[in-house]
Amino acid sequence: MIAGIVKALQKHQLLVSSQHLEALTSWQGKMQTDNRLLAKGDIFVCIKGESFDGHRFIDKALDAGASLIVSQEPLQEKVPAIQVTDTRKAAALIAKEIRIPSQDGKKQKNPFILIGVTGTNGKTTISLMLYEALRNLNHKCGWIGTMGYNIEGVNYPTQHTTPDIIQLNAIFTEMADSKVSYVVMEVSSHALALDRVYGVDFDYCLFSNLSRDHLDFHGDMDSYAEAKYLLFERGIDTGAVAIVNCDDAFGAKICQRLHAANAVCHSLGITDAEFCFNDIVTDINHSKFQLVSPVQVLNVSSRLIGSFNVQNLGLVALTLHSMGFTAQAITQAIVSIPPVKGRIERVENTKQIHVFIDYAHTPDAIENLLNAVHELPHKRILCLIGAGGNRDKGKRPLMLKAALKYSDAVIVTDDNPRFESPDAIIHDIVIDSDPRLPWWIIRERKLAIDSIIRLSQPGDIVLICGKGHENYQEIEGVRYHFDDLEIAQNVLNHQDVLTTQKADDELVLPIDNCLLELLFSPLAEERQVGYRHPKSFRYLSSDSRKLKPGSVFFAIKGDKFDGHSFLPEVLSEPDNISIASDLPLDTDASRCCLCVSSPLQSMGLLCQKYLQMFAPKRIALTGSTGKTTTKELIARILDDVAPCLSTAKNENNLIGLCKTILRIEPKHRFAVFELGTNHFGEIAQMADIVAPDIGMILNVGPSHLEQFGDENGVFKEKIDLFKRPLALRIFPGDDPHFSNFNMDGISVGYNEVCNYVISNQAGERGRQMFELDGTLWQIPYAAPHYAINSAFAIVLGLSLGIGKAQMQSSLQQPITLEMRSQTEARGKGVLIVDCYNANPCSMQAALEYWQITNPELPHYAILGDMLELGESSTMYHQMIGAMLVEMQFSELITVGQMAHLFQKQTQDTTNPNHYQNTEQLLRSGNLASIPGDGVILLKASHGIHLEKLLSAIRECH
């Protein structure tokens, strides 16, 4: 045995010298590289590693009874020893000699056919498929790889993809004793570079692909590639048959090198290969294709899905063909192979959601996986990724880039952080990615899986990447039980319960502390060292009165309030965090507070990012009047087609927009956002947050002129909605402001030049009819302005492909808007409440509606100031007064500082029917004189508070 070891070392030019081997001529024993495992009589081989050196333990090895020392350094006299140039390679040769002793100089030969599979991605899938196919062909087989090793269906664990040389030879011995005919083995680049398979004779060598991975170990791609090539280079001398994917650039180089060395090499690819793919078909349940050469056609069908698995299956089929199996046998052997655990492994469910677990943890693997499933029928693709700690950092941002390329939304989570800070890992993944892209951080992996499945809808594809078959999560050296498949299956089994138990204000996607720090305190991640337990928040609010534990609180400063005043109360709950412009004085509280320049802007950024994770068709509308009415009409139409999110009431400022976004749910297929403004820049800011697909401007009129100056200023502000890449713009064709958009959108109005023309408008007793481009529409509203509002809603519906009959049915269901053309019976008369807001346009529309309502009855109006008209206020109030002169009514009552200009008698504040405020009018008792058969209009800006009169008016009839 010892003589055979020496000859093997000499043959491979490793032997330097030997001493005192005479006493070991009849040696029979084991070899160890760990002195702690030594038994008396064993050989001890001194291995130099990155963090240890076996030469330091020679004395302990001798004390333990080692019979022979193999070293790279000269040893003391009298000790049986062999000095070599490379102890790793020597260990591999010694292990092989012990397993298969050489006899009379003849070549040592395995008692089975040994197949090695290498490449960045696909090793496990290819090797396991080949193992299963050979078993289907009635051969006893063994398999060695990422998930341990397997002998005829019995699995055993290992520590590495390719075991160390001692364990590997022990496995080979076990397989030989089991009389297996074939052994299929994953061969990693680490194993090749570290000589774990040095001296192992492979009969077949397979190459899948090469992409970025393990550069923390190899340093660069060239070194990584050359490590892979060692499998084929060593196979040249042993006569191994190479099976290579030459569609891969490095695979093509392998073929060139092997052909130059006159080695046996079979190639496959789409073109320019010995065997070419043909008639490839993949769907959500299976794959099939042909592998064609000038003399052979192999038909392959499999339950494995995805175009990358077509390549994997091709390598399996070509290997079987090279072994001499018939085409029919190959087809039958492959068709019944089950999907590989953790490799695009389907999570069965009844929700019609296609959920898969996959081991993809490199940029190339993620891109290949997503590219493959992108070809399958789907609505959205949702992807979950993470990166392992203490591994190649350079691939981390590339992983997210690859995931975003084909995914509609990506959740970034913890993988195996090992001894590295998970916050730092995630920082590396997302740091180069625009925050406005659809990625979200949820560090706690279980919660992340729960969330990505909650985010999905029937027809979606969900990919849970990174850990695949692994049933553990490694944190600070400890492996905790964690199985992606188990978690996903449990979530799917209880998804209905999770949905029904969600509170109305609970977020679908929790907000991770790591995400907040990245967005609002980016240097915090760089300060994180070691493991920190994940923390997330289920609620978001700027109102401390509605805050729940587990909330993100934005301390917003307003005209009448300052959220910073409530920080001590908010942060007394340890599960809360605040985003503020001023840190609280309390040191402990300040640790739970992130400081930003503007909490309001920061809330907008977070909500903008949150919205990107969902899939509704987004419609944003603005205008000087009719926004809320039109929004409600649109929402009524769309909600009858599919669930529609819309702005609540008139919450059309930035805070209201955020509140609307936070109510979004995965079921929503449409979202209608009403955008209001009273300062320059607000429309642009909110439109950036919404990133609408469709923009609508209803009209431009004199409103908020204190800020905008005149209608041109209003137009300048509103038109910012159209200054973005919209799929569709809808605008008022009657307004010359929009003449430049006639070729870039759809115009609606009464003018014949409009794309959609309103005509033949007529009303009767609570209803009206009008034609829109020749089609007759009926709506349950008498107010004339409802026609133009309805027309905008109809045109939007038509552009979305909604049928006219369906829209007509939707519009027959009246909407009710409090204090907006709100019409109710009062005695034998009518009360029209339209005092939510007022500007000259809406005032004119309200007066016109009031005049045509029951014209046979006496008419009474209670009108208040139109606020925020700036320097033009007097002019516009006088203009409305001039209109009133031409109208028929019994009595006009005015309230406010400017409304006396409505009065035609004196147009001054001494008019007996003018009051400074609603309280003065109530004290006057004048309301009691209005008869019960009158048609009463209440119209003013909300700041006049005419709604305070409603109780008194309703009681007096």
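Remember, predicted model here, so these are calculated numbers, not experimental data. Residue numbering note: each chain is counted from 1, following its sequence as written. Confidence filtering applies because this is a predicted model: local features only for residues at pLDDT of at least 70, side-chain atom pairs given and counted only at 80 or more, and all residues used for totals across whole chains, interfaces and linings. Water and hydrogen atoms play no part in the side-chain values, which are based on all heavy atoms of the structure.

Participant: Can you walk me through the overall build of the chain in this structure?
Facilitator: Helix numbering and strand numbering both begin at the N terminus, where a helix is a DSSP run of H or I of at least 4 residues and a strand a DSSP run of E of at least 2. Counting its regular elements, the chain contains 33 helices and 45 strands. To get the radius of gyration, use the C-alpha atoms; to get the globule rule, take the number of residues to the power 0.38 and multiply by 2.2 Å. Scaling as 2.2 N^0.38, a compact globule of 957 residues should have a C-alpha radius of gyration of about 30 Å, whereas the chain reaches 38 Å, well beyond that. Along the first, second and third principal axes, the C-alpha set of the chain runs to 130 × 70 × 45 Å. For the exposure calls, accessible area comes from a 1.4 Å probe over protein chains only, and a residue counts as buried if that area is under 20% of its type's maximum, exposed if over 50%, partly exposed in between. Counting across all 957 residues of the chain, residues that qualify as buried make up 57%. Look at the contacts in the chain between residues 6 or more apart in sequence, and 66% of them connect residues 24 or more apart. Residues are treated as being in contact if the distance between any of their heavy atoms lies within 4.5 Å.

Participant: Please explain the sheet that holds strand E19 (residues 381-385) as it appears in this structure.
Facilitator: Whether parallel or antiparallel, the strands of a sheet pair through hydrogen bonds between backbone atoms. Only strands that DSSP links by at least two bridges are regarded as paired with each other. In space, the 6 strands of this open sheet follow the order E17-E18-E22-E19-E20-E21, with mixed pairing throughout. Taken across any chain shown, the strands that pair with only one partner, and hence form the sheet edges, are strand E17 (345-347) and strand E21 (439-441). If you compare each strand with its neighbour and ignore which way they point, the axes differ by 20° on average. Across 4 bridges, E19 lies against strand E22 (residues 461-465) in parallel orientation. In the sheet register, Leu384 faces E22, and the bridge partner there is Ile464. Under this scheme, a helix contributes an axis fitted over its contacting stretch, all axes are lines through C-alpha atoms, and angles between N-to-C directions fall in the 0 to 180 degree range.

Participant: In this structure, what is going on with the pattern of salt bridges? I would like to understand it.
Facilitator: Any Lys or Arg side-chain nitrogen located within 4 Å of an Asp or Glu carboxyl oxygen qualifies as a salt bridge. A complete count under the given rule lists 32 salt bridges for this structure. The partner of Glu152 in a salt bridge is Arg135, with the nearest N and O atoms 3.5 Å apart. Of the two residues, Glu152 is situated in the loop between strand E8 (148-151) and strand E9 (154-156) and Arg135 in helix H4 (residues 123-136); the sequence distance between them amounts to 17 residues. Exposure remark for Glu152: the relative accessible area of 30% places this residue in the partly exposed category. Here Arg135 falls in the partly exposed class, since its relative accessible area comes to 27%. Between Asp505 and Lys548 there is a salt bridge, and its shortest N-O distance comes to 3.0 Å. Taken together, the residues span a long stretch of sequence, with Asp505 in the loop between helix H17 (495-501) and strand E25 (511-512) and Lys548 in the loop between strand E27 (539-541) and strand E28 (551-554) at a distance of 43 residues. For Lys548, a relative accessible area of 31% corresponds to the partly exposed category. Overlapping salt bridges bring together Asp414, Asp423, Arg443, Glu517 and Arg532 as one network.

Participant: Just to check I follow, could you spell out the side chain of Asp483 for this structure?
Facilitator: As for its placement among the helices and strands, Asp483 is situated in the loop between strand E24 (478-481) and helix H16 (484-493). Here Asp483 is buried and forms no salt bridge, its nearest opposite-charge partner Lys341 lying at an N-O distance of 4.4 Å. By the criterion applied in these results, polar contacts are pairs of N or O atoms within 3.5 Å in which, for protein atoms, one can donate a hydrogen and the other can accept it, and in which residues neighboring in sequence qualify only through two side-chain atoms. Engagement of the side chain of Asp483 in a polar contact is seen with the backbone nitrogen of Leu485, the distance being 2.8 Å. With near-sequence residues (within four places) excluded, Asp483 lies in contact with Lys341, Glu470 and Asn471. Charge counting treats Lys and Arg as positive and Asp and Glu as negative, with His and both chain ends excluded.

Participant: Quick question: what am I supposed to make of unusual backbone geometry here?
Facilitator: Across residues other than glycine, the phi torsion is negative in most instances, and most of the peptide bonds are trans. Residues other than glycine seldom take positive phi values, yet Glu476 does so here, at roughly 50°. Phi at Ser821 is positive, roughly 50°, even though this residue is not glycine. Given the relative accessible area of 13%, Ser821 is considered buried.

Participant: It is not clear to me how the packing of helix H22 (residues 599-612) against helix H24 (residues 654-662) should be interpreted in this structure. Could you clarify?
Facilitator: If you want to describe how two helices pack, look at the angle between their axes and the distance between the axes. Look at H22 against H24: their axes get within 10 Å of each other, and the N-to-C directions meet at 30°. Judged by the inter-axis angle, H22 sits roughly parallel to H24. The way H22 lies across H24 gives a crossing that is left-handed. Together, Leu600, Met603, Gly604, Cys607, Tyr610 and Leu611 of H22 and Leu654, Ile655, Cys658, Ile661 and Leu662 of H24 make up the contact between the two elements. Three residue categories are used. Nonpolar comprises Ala, Val, Leu, Ile, Met, Phe, Trp, Tyr, Cys and Pro, charged comprises Asp, Glu, Lys and Arg, and polar comprises the others, including Gly. In terms of residue class, the contact of H22 with H24 is built from 10 nonpolar, 1 polar and no charged. Should an angle lie under 35 degrees it is considered roughly parallel, over 145 roughly antiparallel, and from 65 to 115 roughly perpendicular; all remaining angles are considered oblique. Left-handed describes a crossing whose near helix is turned anticlockwise from the far helix by less than a right angle; the clockwise case is right-handed.

Participant: What is the right way to read the packing of aromatic side chains from this model?
Facilitator: How two aromatic rings sit relative to each other is given by the distance of their centres and the angle of their planes. In summary, the pairing rule links any two rings of Phe, Tyr or Trp, Trp by its six-membered ring, whose centres are within 6.5 Å, and it sorts them by plane angle into stacked for under 30 degrees, edge-to-face for over 60 and tilted for everything else. Overall, the coordinates contain 16 aromatic pairs when judged by the stated rule. Geometrically, the ring pair formed by Phe731 and Phe741 is tilted, given 6.2 Å between the ring centres and 55° between the ring planes. Residue Phe731 is found in strand E35 (residues 728-732), and its partner Phe741 is found in the loop between E35 and strand E36 (746-749); the two are separated by 10 residues along the sequence. On the basis of relative accessibility, which here comes to 16%, the residue Phe741 falls in the buried class. When the centroid spacing of 6.4 Å and the interplanar angle of 55° are considered together, the rings of Phe738 and Phe741 count as tilted. Across the pair, exposure class does not vary: Phe738 and Phe741 are buried alike. One aromatic cluster is present, built from ring pairs that chain together Phe715, Phe722, Phe731, Phe738 and Phe741. By definition, being over a ring means that NZ of Lys or CZ of Arg is both within 6 Å of the ring centre and within 35 degrees of the ring normal. In this structure, Arg257 is placed above the aromatic ring of Tyr229, and the distance from its NZ or CZ to the ring centre is 4.5 Å. Above the face of the Tyr836 ring, Arg820 is positioned so that its terminal group lies 4.1 Å from the ring centre.

Participant: Where do I start with the side chain of Asp201 in this structure?
Facilitator: Along the chain, Asp201 turns up in the loop between helix H6 (189-193) and strand E11 (204-207). Among the polar contacts listed, one links the side chain of Asp201 to the side chain of Lys96, at a separation of 2.8 Å.

Participant: Even after reading the chapter, I still don't get the sheet that holds strand E7 (residues 141-145), so can you show me in this structure?
Facilitator: Spatial strand order, E9-E8-E7-E10-E6-E11-E12-E13-E14-E15-E16: 11 strands in an open sheet with mixed pairing. The strands lining the two open edges of the sheet, one partner per strand, are E9 and strand E16 (296-302). Across the sheet, the axes of successive neighbouring strands diverge by a mean angle of 15°, strand direction being ignored. Pairing between strand E6 (residues 113-118) and strand E10 (residues 182-186): 5 bridges, direction parallel. Bridge pairing in E10 places Ile113 opposite Tyr182. Relative to strand E12 (residues 241-245), helix H9 (residues 249-260) is tilted by about 150°, and along the sheet it contacts E11, E12 and strand E13 (265-269). The strands that helix H10 (residues 307-322) touches are E11, E12, E13, strand E14 (275-282), strand E15 (287-293) and E16; relative to E14, the one it contacts most, it runs at about 135°.

Participant: How should I be thinking about the pairing of E24 in this particular structure?
Facilitator: Side chains on a regular strand alternate between the two faces of the sheet. One ladder, built from 4 bridges, connects strand E23 (residues 472-475) with E24; its direction is antiparallel. Following the sheet pairing, Gln473 is matched in E24 by Tyr480. Connecting E23 to the next strand, E24, in antiparallel fashion are 2 residues, including Glu476 with a positive phi near 50°.

Participant: What am I meant to see in the packing of helix H12 (residues 363-374) against helix H13 (residues 396-406) here?
Facilitator: H13 packs onto H12 with a crossing angle of 5° between their chain directions and a minimal axis gap of 8 Å. If you check the angle between H12 and H13, you find them roughly parallel. Here Pro363, Ile366, Glu367, Leu370, Asn371 and His374 of H12 lie close against H13, whose contacting residues are Leu398, Met399, Ala402, Ala403, Lys405 and Tyr406.

Participant: I'm lost on the pairing of strand E40 (residues 822-826) in this one. Help?
Facilitator: For E40 and strand E41 (residues 829-834), the ladder comprises 5 bridges, and the chain directions are antiparallel. Each residue of the ladder has a partner; that of Gln822, found in E41, is Val833. Turn length for the E40-E41 hairpin, with the two strands adjacent in sequence and antiparallel, is 2 residues, and the turn residue Gly827 shows positive phi of about 65°.

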